[in-house]
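Read off the chains here:
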Amino acid sequence: MRSVRWARAGLVIPAWVAIAVLLVPLLALLLKADWAGIPAHLANPTVVPALRLSLLTTSSTLVICALIGTPLAWLLARSTHRATPWLRALVTVPLVLPPVVGGVALLMAYGREGVVGRTLLEVAGWSIPFTPVAVVFAEVFVALPFYVLAVEGAMQGLDPRYDGLAATLGASPWRTFRTVVVPMVAPGIASGAALAWARALGEFGATITFAGNFPGRTQTAPLAVYVALESDPQAAIALSLVMLLISVVILGALRGRWLR
Amino acid sequence: MRSQVSRVPFGLSGDVSVGVAGRVASHTAAALALALGVAGCSASGGESGNGPTRHTVVVLAASSLTESLTAIAKDFEATHPGTDVQLSFAASSTVVTQVNQGAPADLVALAGTSAAGPLDAKRIVGGSRSLASNTLEIATPPGNPGKVDAITDLSRPTLKVVLCAATVPCGEAAAKALSLAGVAAHVVSYETNVKATLAKVQLGEADAAIVYHSDVVSAGARVRGVQIPASVNQTLDYPLIRLTDDPTTIEFATFLLSDQARKRLRDNGFLTP
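A brief structural summary. (Residues numbered from 1 in each chain as written. Chains lettered and ligands numbered in written order. Predicted model: local features only at pLDDT ≥ 70, side-chain atom pairs only at ≥ 80, totals over all residues. Heavy atoms only, no water.)

## Structural notes on the environment of A228 of chain A
All names here are of chain A.
Argument step 1. For A228, the location among the structural elements is in helix 12 (residues 221-231).
Argument step 2. Along the backbone, A228 and V47 are 181 residues apart, and their C-alpha atoms lie at a distance of 9.3 Å.
Argument step 3. Those residues within four positions of A228 in sequence are excluded, and the remaining contacts are P233 and A236. (Helix = DSSP H or I, 4+ residues; strand = E, 2+ residues; numbered from the N terminus. Contact = heavy atoms within 4.5 Å.)

See the structure below:
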């Protein structure tokens, strides 16, 4: 009996430590906030443009992830090609890569002197860095793996006989994908979208490296928090609270229906 | 199930049978573990290799001192066996925030006396000495693609100009110089420290940046310097502030003011007393 109790304590104590690790910083943020002054701090001229830019770029990121990520997830889930496992591994690389390294890689590819960027500048007379488009590039780069892996996981769980049945009824592969597969994995798509969106909203390293930091153009909310921390810490806390609130509301709204 | 696990060669997938959330969670966990591992390494990196008799001096310094302080610390360690100078560079405002939040440090070197203003007076032990001074200069890529020859060129709308953020000393000084020159620069980004600002020019992404003369000298052939007229240029005095009475720290602080150290600073474009 005693050993069981000890074993349980051995699990319960580390579990509470884990909860503390996650909750203490968030509670500290709430405790340190100057609640009465929040409206004034949010009126700081960098706050509203940063939030607007973050919402604009993360929603663009989500649309791009859905448009190109869903087909890739389908490919990974159904392909039996020898190279497929390697392709899947490749998709996970940006997931474990430090975001700053991702930013450097994006510069090497799409910067003015970059592999693709140099040609783009010569042909179109336009370069990507320091524009909101660069912010979206950075966010898609870090968020797409989350989306693809979540959606692929859901598609893996889908019985292939549904595809076969649709085909015998005369549906084309595209129609099968659109009217059978996508609706059936909708919960997976929603959880993938939530994860990808959260990752894009929090993106910092790749953004500041590749897109720079200009208020209203490339300064997203996390960048504004970082810059404000040195000049106006209470504005940084107020903006952090807004981001925390947005994240909790979105995840909470999805939780009941989609996330388990 | 087993075959699904083996499909991810990097072994990130974990148990797939727990479903979508678990699958993604296990990837996230792997990424998190990696991130924590990396952070852990950098935090403890300085400790490794310390023998029991090794005397350590921790210096937090302005980014612009990167090359010169690194060289001076090497000189010091070579002539003072058993000492270990640990350097950390960031924008002066970041250094001050770190010290005020209790970061362990023995010495602080900042860009400009005004940067030291918010430094917690309770932590200052040894007073402040002038380490060196620095002026501003425009840096362009070696080929000068934007054809920048004067500070007044920075207002051209086709130009991509990068400055330090106004919260860090180089940004504050650049804003003053631009305002005195009556130039509204066409800025595309405000970077968080002077080395990040310089990097945008070194990578060829920006046409021009306002950095310190020392940064242009340290970067050598990787950038081209364009002078800012003395009438609008700013001079920043770098204070050296001691936070502990540790003997090795005092020794290194004295060494920083020696002729040998001053030569290193001058070689990197600083002016010395």
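## Description of the pairing of strand 2 (residues 83-90) of chain B
Residues and elements named next belong to chain B.
Argument step 1. Note: strand 1 (residues 55-62) against strand 2, 8 bridges, orientation parallel. Residue pairing in the sheet places T56 in a bridge with D84 of strand 2.
Argument step 2. Since strand 1 and strand 2 lie parallel, the crossover through helix 3 (residues 66-79) that links them has a hand, and here it is right-handed. (Pairing = 2+ DSSP bridges. Right-handed = clockwise from strand over helix to strand, strands pointing away.)

## Focus on the pattern of salt bridges
Argument step 1. A full pass over the atoms with the stated rule returns 15 salt bridges over all chains.
Argument step 2. Among the salt bridges present, the one from E152 of chain A reaches R88 of chain A, with a minimum N-O distance of 2.9 Å. Remark: R88 of chain A occurs in helix 4 (residues 84-96) and E152 of chain A occurs in helix 7 (residues 132-156); sequence separation between them is 64 residues. Side by side, E152 of chain A and R88 of chain A carry an identical accessibility label, which is buried.
Argument step 3. Each member of the salt-bridge network shares a partner with another, and the members are E67, K195 and D215 of chain B. (Salt bridge = Lys/Arg side-chain N within 4 Å of Asp/Glu carboxyl O. Buried < 20%, exposed > 50% of the residue type's maximum accessible area, 1.4 Å probe, protein only.)

## Quick word on the packing of aromatic side chains
Each pair of aromatic rings is reported with the distance of its centres and the angle of its planes.
Residues and elements named next belong to chain A.
Argument step 1. All told, the structure shown has 10 aromatic pairs over all chains when counted by the stated rule.
Argument step 2. With a centroid separation of 5.9 Å and 50° between ring planes, the pair formed by W74 and F177 is classed as tilted. Of this pair, W74 sits in helix 3 (residues 47-78) while F177 sits in helix 9 (residues 173-184), and the two are 103 residues apart along the sequence.
Argument step 3. For W74, a relative accessible area of 18% translates into the label buried.
Argument step 4. Judged by centre distance (5.0 Å) and plane angle (80°), the rings of Y110 and F137 are edge-to-face. Note that Y110 is positioned in helix 5 (residues 99-110) and F137 in helix 7, a separation of 27 residues in sequence.
Argument step 5. Note on Y110: relative accessible area 27%, which makes it partly exposed.
Argument step 6. The ring of F214 carries R217 above its face, with NZ or CZ at 4.2 Å from the centroid. (Phe/Tyr/Trp six-rings, centres within 6.5 Å; stacked < 30°, edge-to-face > 60°. Lys NZ or Arg CZ within 6 Å of the ring centre and 35° of its normal.)

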